[in-house]
Amino acid sequence: METFGATTGAKELSWVGSLSCACIFVAAPVIVVLITRFGTTTVLAAGVLCVTTGFVAASFATTYWHLYITVGFLYGFGGCLMYFTCINVLARLGFSWTMRIIGA
C-alpha cells in the first residue's frame, strides 16, 4: 500500500481481487460461445495472452486504478478464458475420464 500513496487503503486494493473473481465467473457465457466458435486452442492462447499482459502491465502500475484494469479485468478475463476452456475439455472427455484425471 506504500507504493500507491498514503491515501490508498486496504479498501481500494481489496477491490482488485474482487474484480478479478467477478470477471472469471461473469464472463463465462461469453467464453462458452467463443469456445464453440473459435475452438479450445485459440481461446486458451488468448487467455494466456490476457493473463500475461495483465500481470506485466500491473508491474508498471502507479495508482490503484491501474490494478483494477490490469489485474482486475485483464487477468480476470484471461483466467476465465483458460479456466472454462480446461473445464470444457474435461467435459468433452467424458465422465469416467474426468474422474480419473482429477483423481476421484
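On a predicted model such as this, the values are computed, not experimentally measured, just so you know.

Novice: Before we move on, could you go through the nonpolar core and cite the residues and values that matter?
Specialist: Side chains of a nonpolar character, in soluble globular proteins, are inclined to be buried together. Among the nonpolar cores identified, the biggest contains nine residues, and these are Ala27, Ala28, Ile31, Ile35, Val43, Cys50, Cys80, Leu81 and Phe84. The next biggest cluster of nonpolar side chains, apart from the first, holds seven residues, and it includes Leu19, Ala58, Ala61 and Tyr68.

Novice: Can you lay out the UniProt feature "transmembrane region" (unreviewed entry) in the protein for me, pointing to particular residues and giving the numbers?
Specialist: Cross-referencing UniProt, the feature "transmembrane region" (unreviewed entry) maps to residues 15–35, 42–61 and 67–91 in the present numbering. Helix and strand shares over residues 42–61 are 85% and 0% respectively, and the end C-alpha atoms of the span are 29 Å apart. Note that residues 67–91 is 100% helix and 0% strand, and that its end C-alpha atoms are spaced 33 Å apart.

Novice: Would you mind going over the state of the cysteines in detail, with residue names and values included?
Specialist: Scanning the model with the defined rule gives zero disulfides in all. Between Cys21, a free cysteine, and Cys23, which holds the nearest cysteine sulfur, the sulfur-to-sulfur gap is 9.6 Å. Left unpaired, Cys80 is separated from the closest cysteine sulfur, that of Cys23, by 8.4 Å. In this structure Cys80 comes out as buried when scored by relative accessible area, which is 0%.

Novice: Let's hear about the packing of aromatic side chains: which residues, and what values?
Specialist: Evaluated as defined, the whole model comprises four aromatic pairs. A centroid spacing of 5.5 Å and a plane angle of 75° characterise the contact between Tyr64 and Tyr68, whose relative ring orientation is edge-to-face. With Tyr64 and Tyr68 both in helix α4 (residues 64–93) and four residues apart, this pair spans about one turn of that helix. Judged by its relative accessible area of 29%, Tyr64 is partly exposed. When the ring of Tyr83 is compared with that of Phe84, the centres are 5.0 Å apart and the planes differ by 85°; the resulting orientation is edge-to-face. You can call Tyr83 partly exposed: its relative accessible area is 42%. One aromatic cluster is present, formed by Phe25, Tyr83 and Phe84 through successive ring pairs.

What counts and what doesn't
Residues numbered from 1 in each chain as written. Predicted model: local features only at pLDDT ≥ 70, side-chain atom pairs only at ≥ 80, totals over all residues. Heavy atoms only, no water. Core = buried A, V, L, I, M, F, W, Y, C linked by side-chain atoms within 4.5 Å. Buried < 20%, exposed > 50% of the residue type's maximum accessible area, 1.4 Å probe, protein only. UniProt positions renumbered as here; feature names shortened; annotations may be inferred. Helix = DSSP H or I, 4+ residues; strand = E, 2+ residues; numbered from the N terminus. Disulfide = S-S within 2.5 Å. Phe/Tyr/Trp six-rings, centres within 6.5 Å; stacked < 30°, edge-to-face > 60°.

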